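Here is how the chains run, residue by residue.
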Amino acid sequence: MVPVPFEQRHELFSTTATSSATTSSPSGSGQLGSGSLGRLVLPVVHQGQDHMLSLINPMKEEDLRRYLRGDLDVDGLNRVHKHLWFAGLPQCARPLHHQLMIDRKIIITERADLHLLWQDERLYLKPLPDYLLSYDIWEGTLLKDWCLSENAKGFLLSYLWLIRQKSDLVIAQRNNLVSNDLTWEHWISFSTAVFPNIVSDTFQGISPRYLYGELRLGRVNLIYRLCRNTRNFETFVRGHFYGYHTYSSFIEQNFAWVLTVIVYITIVLTAMQVGLSTTELQTSTLFNRASYGFTVFSIMAPLGILFGVLLVLLMLIIFNLNYAVEKRYATRQGFPTVFNNVTLRPYNH
């Protein structure tokens, strides 16, 4: 199939979108309209940065634009994109079949700024929204907003990385990343049409985050804590993604190395005790000094580690408590009638 300009691909977008439409789309959207924006089914509500839900009316340009901005938002990663080399390589992400080959487990997320981030054996992937296969959305909304256009093109490029073989499409459908009605033939035609309009030698028109493929979540958190563009008390505690919901899980994942240190100290103390029972080392002044110093260290080190763990936990408790109090105060100010919902009528006995 000969690539043609993006603006002339109305028929291909329409055919692909209609064939891939499903009322149970993994990305949360339903049947796509081949030529009518009104037939595009989006989620009913959307959660904004204030953590409040708002209705989405796709017929209202402002509602649609607000939803798409939130759904494709990677502004946080763009703010630190100069330092992302520390978390990943500026190259294509590996396809899905290769991700399974290295024993990674696909975890679905609806946050675009977590898309293609990995930690241990987990790989976070955002499902491909059906609206990115809709020509009307591209022509009517995405291409009219440079920020939306960059994010949408970058996200679509990430799926050109992930789905390169037919087996990749099967894996994507099995993990609810794309619609089950999307055929390999349609994906080939779609990719052939959009690839020349997304990828260029200079990578202009693509969100800076998508200059990188997979990013290591732990290092992204470290970048967030240290980079001056994102550095504050909240990001110092939470980083980019705070994946702990209990203090026990936080201690387990961040202080597992303490057990290794204790085992090593035990082995060294045992070896020193054996050494002091020998004639050669028992009379060695240097070995006796080393044994004395390490014995004092082995007594003080666990106390220091325990104090450090308790200090970190205390900081987390204070931070979370302060956050909860501030949210309660803000909610109380916004909805005073709810918090003052006291009946004035006596109960009937």
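Residues numbered from 1 in each chain as written. Predicted model: local features only at pLDDT ≥ 70, side-chain atom pairs only at ≥ 80, totals over all residues. Heavy atoms only, no water.

Summarizing the sequence annotation, UniProt attributes the feature "transmembrane region" (unreviewed entry) to residues 255-276 and 296-319 in the numbering used throughout. The span residues 255-276 carries 91% helix and 0% strand; its end-to-end C-alpha distance comes to 33 Å. As annotated, residues 296-319 has a helix share of 100% and a strand share of 0%, and its two end C-alpha atoms lie 35 Å apart. (UniProt positions renumbered as here; feature names shortened; annotations may be inferred. Helix = DSSP H or I, 4+ residues; strand = E, 2+ residues; numbered from the N terminus.)

Per the counting criterion, the structure on display carries six aromatic pairs. Look at Y124 and F241: their rings are 6.0 Å apart centre to centre, the planes differ by 70 degrees, and that puts the pair in the edge-to-face class. With Y124 in strand β5 (residues 122-125) and F241 in the loop between α10 (233-238) and α11 (247-254), this residue pair connects regions lying 117 residues apart in the sequence. An angle of 50 degrees between the planes, with centres 5.5 Å apart, marks the rings of F155 and Y159 as tilted. On the criterion of helical spacing, the pair formed by F155 and Y159 is a turn pair, its members being four residues apart in helix α6 (residues 146-162). The pair formed by F155 and Y159 is uniform in burial state, with each residue classed as buried. When the ring centre of W118 is taken as reference, the NZ or CZ atom of R104 above it lies at 4.5 Å. (Phe/Tyr/Trp six-rings, centres within 6.5 Å; stacked < 30°, edge-to-face > 60°. Buried < 20%, exposed > 50% of the residue type's maximum accessible area, 1.4 Å probe, protein only. Lys NZ or Arg CZ within 6 Å of the ring centre and 35° of its normal.)

We now examine the sheet that holds strand β3 (residues 105-108). What holds strands together in a sheet is hydrogen bonding between their backbones, with the strands either parallel or antiparallel. The strand order β3-β5-β4-β6 describes an open sheet built from four strands, whose pairing is mixed. Looking along the sheet, the strands with just one partner apiece sit at the ends: β3 and β6 (215-216). (Pairing = 2+ DSSP bridges.)

Among the structural elements, N78 can be located in helix α3 (residues 75-79). Of the residues examined, N78 reaches a relative accessible area of 18% and is grouped as buried. Within the local environment of N78, its side chain forms a polar contact with the side chain of S207, the two groups lying 2.9 Å apart. Look past the residues within four positions of N78 in its chain and what remains in contact with it is N151, S207, P208 and R209. (Polar contact = N/O pair within 3.5 Å; in protein donor to acceptor, adjacent residues only side chain to side chain. Contact = heavy atoms within 4.5 Å.)

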